[in-house]
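Chain by chain, the residues:
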Amino acid sequence: MPTILEVNNLVTRFYTLDGVVHAVNGVSFHLEEGETLAIVGESGSGKSVTMMSILGLIPSPPGKIESGEAYLYDGYERRDLLKMSDAELREIRGGQIGFVFQDPISSLNPVLTIGEQIAESLVRHLGLSREEARDRTIELLDLVGIPDPKARYRNYPHQFSGGMRQRVMIAIAIACGPKIVIADEPTTALDVTIQAQIVELFLRLQKELGMAIIWITHDLAVVSGLADRVLVMYGGRVAEVAPVDDLYEQPRHPYTVGLLGALPRLDSRESRRLVSIQGAPPDLLIPLKHCPFAWRCEYAFDRCWEEIPTLQPAGLNRKVACFYDLERGKPRHD
Ligand SMILES: Nc1ncnc2c1ncn2[C@@H]1O[C@H](COP(=O)(O)OP(=O)(O)OP(=O)(O)O)[C@@H](O)[C@H]1O
Ligand SMILES: [Mg+2]
């Protein structure tokens, strides 16, 4: 599939009173049309900051995108999101790129009805008339599984349950027919049965509308049912990226091995969640000169303490940032 989004060497820092937080340190990845890319990694690994950087939502100050490119493709044309003005980015957000965050209540305006909030986006991005926007909004509410959409149009956010609010957020995200939807832990605040319904809803919408999805999560069970490829982040860097089955069958980064609990077997992946790995993630206030995972890694050798591994091809459609070759059980020579 053609590439729709290409991020190269993204570096984002926060200049705080405590010092410089090295939140994202040269992240590169691509997203293909219609695919689902899951992003996993411990808390603080830079998943949200990466997405916020692409969407132009980094608070500045204290945040600053130091370098990088984030190309959004439209056929053969491409535009760098990191070079766009605020006005252009507002057009993109909710237009070509929809997004859904963890907490729907803080993302919705409490004094506007649900219907008005969705319709507003349609008027602004697609130039629909008020009546057209209203009709389309009711269709959208129906599409995301909200019962009695005509009556619900006039309700305020507080009149919806958590799961229903998240459906509203999804309706807003897909309203303008985006090519990409970024979902940042969209089910974390919901209970397990509702989580499963929201995942189902995403799968159905993707089938019907064909958009690409970036899905950030801690839940590896969700990933296995949802993603085409998985990107593993650690310390503001990409540790590994691979097609989902390959990653579960044969993780190539010791951190991924740790995340999966042990060298995993494919048949038991359904019940697997991220397990905690001994030791703490790197202190992002200190710029690193060696592998960020070295002090937690049982395979670390001299080189891992001397330089930072960069992301290198490791098999078909796979990349890994590690000097140790887990498959062969010895250091890589490159
Ligand atoms: N506004 C900010 N000011 C200072 N530091 C920030 C700010 N926003 C994020 N950071 C820091 O950037 C780093 C990466 O944070 P980020 O939110 O991307 O992590 P994450 O991978 O999304 O974690 P989680 O799984 O908890 O959501 C963290 O160390 C965080 O404290
Ligand atoms: Mg986050």
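Look above for the structure.
Residues numbered from 1 in each chain as written. Chains lettered and ligands numbered in written order. Predicted model: local features only at pLDDT ≥ 70, side-chain atom pairs only at ≥ 80, totals over all residues. Heavy atoms only, no water.

(A) View of the overall build of the protein. Along the protein, the regular secondary structure elements total 11 helices and 14 strands. Its C-alpha radius of gyration of 21 Å places the protein within 12% of the 20 Å reference for a compact globule of 334 residues. For the C-alpha atoms alone, the extent of the protein along its principal axes is close to 65 × 45 × 40 Å. A total of 334 residues make up the protein; the buried ones form 51% of that total. For the protein, restricting intrachain contacts to residue pairs at least 6 apart in sequence, the fraction spanning at least 24 positions comes to 63%. When the 35 basic and 44 acidic side-chain charges of the protein are each reduced to a single mean position, those positions are 1 Å apart. (Helix = DSSP H or I, 4+ residues; strand = E, 2+ residues; numbered from the N terminus. Rg over C-alpha atoms; globule rule 2.2 N^0.38 Å. Buried < 20%, exposed > 50% of the residue type's maximum accessible area, 1.4 Å probe, protein only. Contact = heavy atoms within 4.5 Å. Lys, Arg positive; Asp, Glu negative; His and termini not counted. Charge placed at Lys NZ, Arg CZ, Asp CG, Glu CD.)

(B) Geometry of the site of ligand 1. Around ligand 1 there are 17 residues in total, and S43, G44, K47, S48 and V49 lie nearest to it. Here an oxygen atom of ligand 1 sits 3.0 Å away from a polar atom, N or O, in the main chain of G46. When isolated, ligand 1 has an accessible area of 630 Å², and the protein chains bury 66% of it. Contributing elements (two or more residues each) for the shell around ligand 1: β1 (3-16), β2 (19-32) and α1 (47-55). Top element by residues in the shell around ligand 1 is α1. It accounts for 3 residues. (Near = heavy atom within 4 Å. Polar contact = N/O pair within 3.5 Å; in protein donor to acceptor, adjacent residues only side chain to side chain. Areas by Shrake-Rupley, 256 points an atom, 1.4 Å probe, with all protein chains shown as cover.)

(C) Seen up close, the environment of R332. If you trace the backbone, R332 turns up in the segment after β14 (330-331). Judged by relative accessible area, which is 19%, R332 ranks as buried. Remark: the alpha-carbon pair of R332 and P281, spanning 51 residues in sequence, is separated by 24 Å. With residues near it in sequence (within four places) discarded, R332 still touches R252, R303, V320, C322, F323, Y324 and D325.

(D) Layout of the packing of aromatic side chains. For the coordinates displayed, the defined rule picks out 8 aromatic pairs. On the numbers, 5.4 Å between centres and 65° between planes, the contact of Y255 with F293 is edge-to-face. Pair noted here: Y255 is in helix α11 (residues 254-259) and F293 is in the loop between α11 and β11 (312-313), with a separation of 38 residues, a long-range link. For the pair shown, Y255 and F293 are each scored as buried. Of the aromatic side chains, those joined through ring pairs into one cluster are Y234, Y255 and F293. One cation-aromatic arrangement involves R78 over Y71; the distance from NZ or CZ to the ring centre is 3.7 Å. Over the aromatic face of Y153 sits the side chain of R134, whose NZ or CZ is 5.3 Å from the ring centroid. (Phe/Tyr/Trp six-rings, centres within 6.5 Å; stacked < 30°, edge-to-face > 60°. Lys NZ or Arg CZ within 6 Å of the ring centre and 35° of its normal.)

(E) View of helix α5 (residues 130-143). With 14 residues, α5 ought to run about 20 Å at 1.5 Å a step, and its terminal C-alpha atoms sit 20 Å apart, in line with that. Along α5, the residues classified as buried are A133, T137, I138, L140, L141 and L143. Buried residues along α5 sit against α4 (114-126), α6 (149-152), α7 (162-174) and α8 (192-209). Of the residues one or two after α5, G145 is the one with positive phi, at around 80°. (Expected span 1.5 Å × (residues − 1).)

(F) Up close: the sheet that holds strand β3 (residues 36-40). Strand order in the open sheet formed by 8 strands is β6-β7-β8-β3-β9-β10-β12-β11, with mixed pairing between adjacent strands. Each edge of the open sheet carries a strand with a single partner, namely β6 (97-100) and β11. One ladder, built from 2 bridges, connects β11 with strand β12 (residues 319-320); its direction is antiparallel. Of the residues in β12, the one forming a bridge with P313 is K319. Of the strands in this sheet, β6 and β7 (180-184) are in contact with α7, which crosses β6 at around 170°. Sitting on the sheet, α8 touches β3, β6, β7 and β8 (212-216), and the angle it makes with β8 is about 160°. (Pairing = 2+ DSSP bridges. Axes fitted to C-alpha atoms, helices over the stretch in contact; angles between N-to-C directions.)

(G) Examining the pattern of salt bridges more closely. Under the definition given, this model contains 15 salt bridges. In this structure, R296 and E42 form a salt bridge, with 3.1 Å as the shortest nitrogen-oxygen distance. With a gap of 254 residues between them, R296 in the loop between α11 and β11 and E42 in the loop between β3 and α1 connect regions that are remote in the sequence. Residue R296 shares its accessibility class with E42, and that shared class is buried. Sharing partners across several salt bridges, the network here consists of D325, R328 and R332. (Salt bridge = Lys/Arg side-chain N within 4 Å of Asp/Glu carboxyl O.)

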